[in-house]
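# An overview of the molecular structure
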Amino acid sequence: NGVLPILGIGGVVLVLVILALLLPPISLFDTFHDVNTAHRAAFIELSAASPRLEVDGLAIEVNEVSGDYGVRVVSISSEDYLHHQTPDKGWFCGTSVPARPLASRVYSLTQTGTPPNHFVLSIIPESASQETLAMYRWNMALQAWELIPSKLMDHQVVGGLAHLPPCVALIEETEPPREQP
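Here's a quick rundown of the structure. (Residues numbered from 1 in each chain as written. Predicted model: local features only at pLDDT ≥ 70, side-chain atom pairs only at ≥ 80, totals over all residues. Heavy atoms only, no water.)

## Focus: the overall build of the protein
The helix and strand tally for the protein stands at three helices and 11 strands. In the protein, the succession of α and β elements from N to C terminus is α-α-β-β-β-β-α-β-β-β-β-β-β-β. In the protein, once contacts between residues fewer than 6 apart in sequence are set aside, the share between residues at least 24 apart is 67%. (Helix = DSSP H or I, 4+ residues; strand = E, 2+ residues; numbered from the N terminus. Contact = heavy atoms within 4.5 Å.)

## Here we look at the sheet that holds strand S10 (residues 156-161)
Strands belonging to one sheet form pairs held by backbone hydrogen bonds; the direction of such a pair is parallel or antiparallel. Within the open sheet, the five strands sit side by side as S2-S3-S6-S10-S9. Their pairing is antiparallel. With partners counted over all chains shown, the strands left at the sheet margins are strand S2 (52-55) and strand S9 (150-153), one partner each. Going across the sheet, the axis of each strand differs from the next one's by a mean of 20°, ignoring polarity. Inspection of the sheet shows S2 paired to strand S3 (residues 58-62) by four bridges, in the antiparallel sense. What sits directly across from Val 55, in S3, is Leu 58. (Pairing = 2+ DSSP bridges. Axes fitted to C-alpha atoms, helices over the stretch in contact; angles between N-to-C directions.)

## Structural notes on the sheet that holds strand S5 (residues 106-113)
Strand order in this open sheet of six strands is S1-S4-S5-S11-S7-S8, and the pairing throughout is antiparallel. Edge positions in the sheet fall to strand S1 (44-45) and strand S8 (144-148), since each of these pairs with one other strand and no more.

## Structural notes on the state of the cysteines
This model, assessed by the stated rule, comprises one disulfide. Shown here is the disulfide that connects Cys 93 with Cys 167, its sulfur atoms set 2.0 Å apart. With the S-S bond torsion at 100°, the cross-link from Cys 93 to Cys 167 turns out right-handed. Here the residue Cys 93 occupies a position in the loop between helix H3 (78-82) and S5, and Cys 167 occupies one in strand S11 (residues 167-172), the gap between them amounting to 74 residues. Residue Cys 93 is classed as buried on the basis of its relative accessible area of 8%. (Disulfide = S-S within 2.5 Å. Buried < 20%, exposed > 50% of the residue type's maximum accessible area, 1.4 Å probe, protein only.)

## Things to note about the nonpolar core
Among the nonpolar cores identified, the biggest contains 24 residues, and Ile 60, Val 73, Leu 109 and Leu 121 are the most heavily contacted of them. In contact with Ile 60, other than residues within four places in its own chain, are Pro 51, Arg 52, Leu 53, Val 71, Val 73, Leu 109, Phe 119, Val 120, Leu 121 and Leu 164. Among the nonpolar cores identified, the runner-up in size contains 14 residues, and Cys 93, Leu 102, Val 106 and Trp 138 belong to it. (Core = buried A, V, L, I, M, F, W, Y, C linked by side-chain atoms within 4.5 Å.)

None of this, on its own, says anything about what the molecule does.
If you want it as structure tokens, here you go:
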């Protein structure tokens, strides 16, 4: 007779311990099922033999890599960005929402090593009319999104830069942007 109440109490304790492990602040569920894998994103090495990387709809291509060089790409959906649901680690974009709609994932970029002197970025749009898309970068000093000279090529928006920005995304313009070189 005394065994049944002890087993019942033990079962309740076990359930409470499991819940405590799955809920914050421990949150093992988030650790194993984190849709936001920023803390696990690794640097991808670029070299003369392998000058291009592709992650989540973003491609970065470099030329004349001299020495070790790598890029870490952390991306989140436009919805997560608009709701300020950004990763705790590996995120270097500001939280200022652009005046016009985002049309791609938002990408935070980190570099290691000696950067090359030219980058070509291409982003595959997630939404909107492709004719009205433009590539933007986050300017940390101004805390604002700035237009990157870009053009539509093969259903991607492509732009060239001398320096890799900390953050890039596609933004829908109200009218088609002027074609840039």
